[in-house]
Amino acid sequence: MAFNVDTIRKDFPVLNQQVHGYPLVYLDNAATTQKPQCVIDALTHYYEYDNANIHRGVHTLSERATAKYEAARQKIGAYIHASSEKEIIFVRGATEAINLVAQTYGRKNISAGDEILVSMMEHHSNIVPWQMLCEQTGATLKVIPMNEHGELIQDKFVELLNKNTALLAIGHLSNALGTVNPVKEMIEKAHALGVPVLVDGAQATAHMTVDVVDLDVDFYVMSAHKMFGPTGVGALYAKAELLAEMPPWHGGGDMIRTVSFSGSTYSQAPYKFEAGTPNIAGAIAWGAAIDYLNDIGLNYIAAHEHDLLAYATNKARQVAGLKVIGQAKDKASILSFVMSDIHPHDLGTILDRCGVAVRAGHHCAMPVMQYFDIAATTRASFAFYNTTEEIDRLFAALAYAQEMFS
Amino acid sequence: MFFDLKDLYQQVIVDHNKHPRNFREIESCSHDADGYNPLCGDQLHVYLKVNEHHLVQDISFKGTGCAISIASASLMTETMTGKTVDEAKVLFESFQQMVTSDITEEQDFSHLGKLAALAGVREFPSRIKCAILCWHTVQAALSGDQDAARTE
């Protein structure tokens, strides 16, 4: 199928609206992506025809809901090339997935004297759960530094790896800078010392092909809403042998084999980690989002976004007083910047009044801001439904803001 | 009533952001406090010199933030100098009332003098906290609250 952005835009009803009298330009895709009609339809169809609890009813609706929910698990597993869908745990999102690993794998395997290695460019959700684990266990958090381009310093990473390192947790694609980290090489180096690796794929899965087997990653986390699915659902991928050894996290229905007052026995993965009624509609609609992405083709998506980022970066270079934050060689979909004399929050408000939605703030990555000695950046983040005309609108609005503040 | 961007970023706001008044420390201050907005990272420190007659002899601030928070702090220091602590409290209430008031109602803010320039934030709910951070910080300083003042 040839890639046609005009046709694709028609699949996203939310894009077809005016904001403050201008056609909406949505450039906040790193915060959350918009949903195609097929995802919205999957949600409503579930509630209109299939709504039932899963894994327990013998009636038709329950069997239908269960089959669709499990089909979604299969689609997600296939999307990241997992060996088995049993390695996919449904959670509320990437944040919950990281907390799950910290509180099950971490509590069991990490203890005082151990080191957990993260990077300076992590989202708070890949920092705070490890800090909490450190407080609980007496382990220490170590941080891989980055350079002024926003790239992790690989020599420092190798120096930081040692016999006490119990886990490496790194982002695949930085939400604040757009840096694509060389996770495959880093996993290889960590594994050479027997260190397991968690990769935070929240930002990456909408933009690039992920192959967890090729990466040989131990844990990979993702959020549906960052890849055109609904909010409130995400997944943890973990290697089957790790899941088998991990204790359960939340206790409740659906995660047990037997319950008595003398003790309970637990189900096997993935159900061992899915206590309570999950976001059934969300998971099914996420499956629809993955079908949609597969139909378009990730290679076309990546190529279009690469062109958009190159176009925007080139325009940014020509704006006096604009500094791009994050200039890694390997980047995807994100243009983060500061402008002299205009605070990002003022820019965010002015752009909004011009119909352009961007993010202004620290992007839940305060250590990145501290490194660059700034309070915040303005961030334009692209998806495959964005166009170069929209980027022109962004830069026209920036020029207007500069004029207003001159 | 429809506010546009020029109502928010009036010349006086742009000017006070570029050239904030009383942007300095007061070494012999009687009261001071930190103000912090955790969502956007705006950070202010407010200094006051209040004499034995409860008169604000001098007031100043330092910090970083958006144009609205810097201009608001600058205008606040100008307005509050020479007022009594009680008058300052009344002013805070009037200011708070102005920035949170209903935009559909025609209102007269002339009693607020220069501060009326900030009436435009009423149209921008996400920015009200920027305008009011400095005022909360002064309240914290006067009440001796050691924790950073927050707008959240």
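One numbering rule holds for all chains: residues counted from 1, following each sequence as written. Ligands are numbered from 1 and chains lettered from A, in the order in which they are written. At least 70 in pLDDT is required for a residue's local features to be given in this predicted model, at least 80 for side-chain atom pairs to be given and counted, and no such filter applies to totals for whole chains, interfaces and linings, which use all residues. With hydrogens and water excluded, all non-hydrogen atoms of the structure serve as input to the side-chain values.

Examining the interface of chain A and chain B
Phase 1 of the analysis: Contacts are assigned to residue pairs with any non-hydrogen atoms lying within 4.5 Å of each other. Contacts between the two partners involve 14 residues from chain A, matched on the other side by 20 residues from chain B.
Phase 2 of the analysis: Summed over both partners, buried area is the accessible surface (1.4 Å probe) that two parts give up on being assembled. Note on chain A versus chain B: buried area summed over both sides is about 1,500 Å², and carbon and sulfur give 58% of it.
Phase 3 of the analysis: For this analysis, a salt bridge means a side-chain nitrogen from Lys or Arg found within 4 Å of a carboxyl oxygen belonging to Asp or Glu. Counting across the interface, chain A meets chain B through 2 salt bridges.
Phase 4 of the analysis: Two N or O atoms count as a polar contact when they lie within 3.5 Å, although within protein this holds only if one can serve as hydrogen donor and the other as acceptor, and sequence-adjacent residues are included solely when both atoms are side-chain atoms. Across the contact surface, chain A and chain B share 8 residue pairs in polar contact (both at pLDDT 80 or more).
Phase 5 of the analysis: Helix and strand assignments come from DSSP, with helices taken as H or I runs of at least 4 residues and strands as E runs of at least 2, each series counted from the N terminus. Contributing elements (two or more residues each) for the side of chain A that touches chain B: helix H12 (344-353) and helix H14 (388-405) of chain A.
Phase 6 of the analysis: For the side of chain A that touches chain B, the element with the highest residue contribution is H12(A), accounting for 5 residues.
Phase 7 of the analysis: Each residue is assigned to one class: nonpolar for Ala, Val, Leu, Ile, Met, Phe, Trp, Tyr, Cys and Pro, charged for Asp, Glu, Lys and Arg, and polar for all the others, Gly among them. Taken together, the residues that form the side of chain A that touches chain B break down as 6 nonpolar, 5 polar and 3 charged.

Focus: the pairing of strand S4 (residues 88-91) of chain A
Each regular strand displays side chains that alternate between the two surfaces of the sheet.
Residues and elements named next belong to chain A.
Phase 1 of the analysis: Burial here depends on accessible area, computed with a 1.4 Å probe over protein chains only, as a share of the maximum for the residue type. Under 20% is buried, over 50% is exposed, and the range in between is partly exposed. Both faces of S4 are covered, namely the face carrying Ile88 and Phe90 and the face carrying Ile89 and Val91.
Phase 2 of the analysis: Note that S4 and strand S10 (residues 234-238) share 4 bridges and pair antiparallel. Paired with Ile88 across the bridge in S10 is Tyr237. Between any two strands, at least two bridges found by DSSP are needed for them to pair.

Some thoughts on the packing of aromatic side chains
Residues and elements named next belong to chain A.
Phase 1 of the analysis: Think of it this way: a Phe, Tyr or Trp ring, Trp meaning its six-membered ring, pairs with another when their centres are within 6.5 Å, and the plane angle makes it stacked under 30 degrees, edge-to-face over 60, tilted otherwise. This structure, assessed with the given rule, holds 17 aromatic pairs over all chains.
Phase 2 of the analysis: Ring centres of Tyr105 and Phe219 lie 5.3 Å apart, and the angle between their planes is 65 degrees; this geometry places the pair in the edge-to-face category. Taken together, the positions of Tyr105 in helix H4 (residues 94-109) and Phe219 in strand S9 (residues 219-223) put the pair 114 residues apart, joining distant regions of the chain.
Phase 3 of the analysis: Judged by its relative accessible area of 11%, Tyr105 falls in the buried class.

Considering helix H11 (residues 298-317) of chain A
Counting along an α-helix, one turn takes 3.6 residues, and residues three or four places apart therefore face a common direction.
Residue and element names in this part refer to chain A.
Phase 1 of the analysis: One less than the residue count of a helix, multiplied by 1.5 Å, gives the span that helix is expected to have. Spanning 20 residues, H11 covers 28 Å between terminal C-alpha atoms, matching the ideal 28 Å at 1.5 Å per step.
Phase 2 of the analysis: For H11, every residue scored as buried is listed here: Leu298, Ile301, His304, Glu305, Leu308, Leu309, Ala312, Thr313 and Ala316. The buried side chains of H11 occupy one side of the element, clustering within an arc of 165 degrees when seen end-on. Facing away from the buried side of H11 by more than 90 degrees, the exposed set consists of Asn299, His306 and Arg317.
Phase 3 of the analysis: Buried positions along H11 lie against helix H1 (5-9), helix H3 (60-79), helix H10 (280-296), strand S13 (322-324), strand S14 (334-339) and H14. By construction, the arc corresponds to the directions joining the helix axis to the C-beta atoms.

As for the state of the cysteines
Residue and element names in this part refer to chain B.
Phase 1 of the analysis: When two cysteine sulfur atoms are found within 2.5 Å, that pair is recorded as a disulfide. Evaluated as defined, the whole model comprises 0 disulfides over all chains.
Phase 2 of the analysis: Cysteine Cys29 shares no disulfide, and the gap to the nearest cysteine sulfur, in Cys134, comes to 17 Å.
Phase 3 of the analysis: With no disulfide of its own, Cys134 lies closest to Cys66 among cysteine sulfurs, the gap being 10 Å.

Brief notes about the sheet that holds S14(A)
Backbone-to-backbone hydrogen bonds pair the strands of a sheet. The strands run either parallel or antiparallel.
Residues and elements named next belong to chain A.
Phase 1 of the analysis: Taken in spatial order, the 4 strands make up an open sheet running S13-S14-S17-S16, and their pairing is antiparallel. Whereas interior strands pair on both sides, the edge strands pair on one side only; in this sheet they are S13 and strand S16 (359-361). In this sheet, adjacent strand axes meet at a mean angle of 30 degrees when their direction is disregarded.
Phase 2 of the analysis: Where S13 meets S14, 3 bridges bridge the pair, whose relative direction is antiparallel. Bridge pairing links Val324 to Phe337 in S14.
Phase 3 of the analysis: Of the strands in this sheet, S13 and S14 are in contact with H11, which crosses S14 at around 15 degrees. Fitted lines through C-alpha atoms serve as axes, helices being fitted only where they are in contact, and the angles separating the N-to-C directions of these axes extend from 0 to 180 degrees.

Some details on the nonpolar core
Phase 1 of the analysis: As used here, the term nonpolar core means buried Ala, Val, Leu, Ile, Met, Phe, Trp, Tyr and Cys residues forming a set that is joined through side-chain atoms within 4.5 Å. One finds Leu168(A), Phe228(A), Trp286(A) and Phe384(A) to be the most contacted residues of the largest nonpolar core, which totals 79 residues.
Phase 2 of the analysis: Counting residues per element, this core draws most heavily on H10(A), at 12 residues.
Phase 3 of the analysis: Domain start and stop positions are those given by an automatic or database domain assignment. Counting residues domain by domain, this core receives three or more from each of domain 1 (5-30 + 297-400) and domain 2 (40-294) of chain A.
Phase 4 of the analysis: Contacts of Phe228(A), omitting those with residues within four sequence positions, involve Phe12(A), Thr33(A), Gln34(A), Lys35(A), Pro36(A), Val39(A), Ala206(A), Ala289(A), Leu293(A), Ala383(A), Phe384(A) and Tyr385(A).
Phase 5 of the analysis: Within the second largest apolar cluster, 77 residues are counted, among which are Ala316(A), Leu351(A), Val46(B) and Ile128(B).

A word on a nonpolar patch on the surface
Phase 1 of the analysis: Taken together, the side chains of Ile256(A), Val259(A) and Tyr266(A) define a hydrophobic patch exposed on the protein surface, amounting to about 270 Å² of accessible area.
Phase 2 of the analysis: Judged by its relative accessible area of 31%, Ile256(A) falls in the partly exposed class. Patch construction takes residues with relative accessible area above 30% that form no salt bridge. Like charges are linked within 9 Å, and nonpolar side chains (Val, Leu, Ile, Met, Phe, Trp, Tyr) are linked within 5 Å. Surface accessibility follows the Shrake-Rupley procedure with a 1.4 Å probe radius. Residue values consider only the protein chains on display as shielding.

Just distances and angles here, no functional claims.
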